[in-house]
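# Descriptive structure summary
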Amino acid sequence: MSASPAAAQSQPSGSMIQPDSYRSLTADRRAHAVGDMLTVVVVETAHASVSANTDGSHDMQLAAQARTPRGNYPYGFGLGGSDQGEGLTSRAGTLQAQLAVRVTEVDSTGLLHVRGEQSVTINGEQQHIALSGLVREEDILASNLIPSNRISDAQIEFTGQGDVSEAQRHGAIYRFLKWLRLL
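The residue numbering used here restarts from 1 in each chain and proceeds along that chain's sequence as written. Side-chain atom pairs in this predicted model are given and counted only at pLDDT of 80 or more, local residue features only at pLDDT of at least 70, and totals for whole chains, interfaces and linings cover all residues. The basis for every side-chain value is the complete set of non-hydrogen atoms in the structure, without hydrogens or water.

### Regarding the pairing of strand β4 (residues 125-135)
Buried residues dominate β4, accounting for 8 of its 11 residues. In the sheet, strand β3 (residues 112-122) pairs with β4 via 11 bridges, with the strands oriented antiparallel. Bridge pairing in β4 links S119 to H128. DSSP bridges decide pairing: two strands pair if at least two such bridges lie between them. Starting at the N terminus, helices and strands are each numbered in turn, a helix being any DSSP run of H or I of at least four residues and a strand any DSSP run of E of at least two. One ladder, built from 8 bridges, connects β4 with strand β6 (residues 152-161); its direction is antiparallel. Bridge pairing in β6 places Q126 opposite Q161. In this scheme, a residue with accessible area under 20% of its type's maximum is buried, one over 50% is exposed, and one in between is partly exposed, where area comes from a 1.4 Å probe on protein chains only.

Have a look at this one:
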């Protein structure tokens, strides 16, 4: 009685090489499976600017005339005004970092789900960066690097904690006045 082809493949072949997971020494080393790591080069720049100008004027004139046997008496009344306003809001931010991430899942379409975190403390300031998203295997460079702008559904979070970060937070009174829209 002979074994089925599937059963024959699951039996040990006597070889030291597992055909399902073998990669030669000269093979491409780009991440492609769960547990593989790759380096993300994060270069994100955002600029936003909004401006608004208003300019308006209005006039209203009301005139009347009265006739009497002694003559005509013209009367007039007028109102006028103008409004001008200008506003500008702008915001800019830049983030540059390199972060190692790990492939956590390969879905049925071949997309690699990646996730990674890194914390660095400099002069008592702790910086934390976390990244997750979807990567196409063909977007990974031969050096196993991928630019952050090639990651789909990227979630990049950069936070800091320490004296400098605390100095940037607004106090309770400021937040209360802002909530009341007095500031």
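From this point on, the discussion continues.
### Digging into the environment of L79
Counting through the fold element by element, L79 comes out in strand β2 (residues 71-106). For the pair L79 and D59, spaced 20 residues apart in sequence, the C-alpha separation works out to 5.8 Å. Residues are treated as being in contact if the distance between any of their heavy atoms lies within 4.5 Å. With near-sequence residues (within four places) excluded, L79 lies in contact with H58, D59 and M60.

### As for the pattern of salt bridges
In the sections that follow, a salt bridge refers to a side-chain nitrogen of Lys or Arg positioned within 4 Å of a carboxyl oxygen of Asp or Glu. Under the definition given, this model contains 4 salt bridges. Across the salt bridge formed by R150 and D139, the nearest N and O atoms sit 3.0 Å from each other. With R150 in the loop between β5 (145-147) and β6 and D139 in the loop between β4 and β5, the pair connects residues that are 11 residues apart, well separated along the chain.

### Comments concerning helix α3 (residues 172-179)
Where burial is concerned, little of α3 is hidden: 0 out of the 8 residues are buried. In the stretch just after α3, R181 is the one whose phi turns positive, near 65°.

### So, the sheet that holds β6
The strand order across the open sheet built from 6 strands is β5-β1-β2-β3-β4-β6, with neighbouring strands paired in mixed fashion. Looking along the sheet, the strands with just one partner apiece sit at the ends: β5 and β6. Neighbour-to-neighbour, the strand axes of the sheet open up by a mean angle of 20°, direction not taken into account. Between N-to-C directions, angles span 0 to 180 degrees; the directions come from axes that are lines fitted to C-alpha atoms, helices contributing only their stretch in contact.

### A few points about the side chain of S132
Assignment of secondary structure puts S132 in strand β4. Assessed through its relative accessible area of 19%, S132 is described here as buried. Those residues in contact with S132 that sit more than four places away from it in its chain are V114, R115, D153, A154 and Q155.

### What to know about the nonpolar core
Within the largest apolar cluster, 16 residues are counted, with the highest numbers of intra-cluster contacts made by L38, V114 and L131. Of all elements in the fold, only β1 (37-68), β2, β3 and β4 reach the threshold of two or more residues within this core. If you tally residues by element for this core, the top one is β2, at 4 residues. Beyond its immediate sequence surroundings of up to four residues, V114 is in contact with L38, V101, R102, V103, T104, L131, S132, G133 and V135. Definition of nonpolar core: a set of buried residues of the types Ala, Val, Leu, Ile, Met, Phe, Trp, Tyr and Cys, connected through side-chain atoms within 4.5 Å.

Spatial relationships are all this shows, so hold off on functional conclusions.
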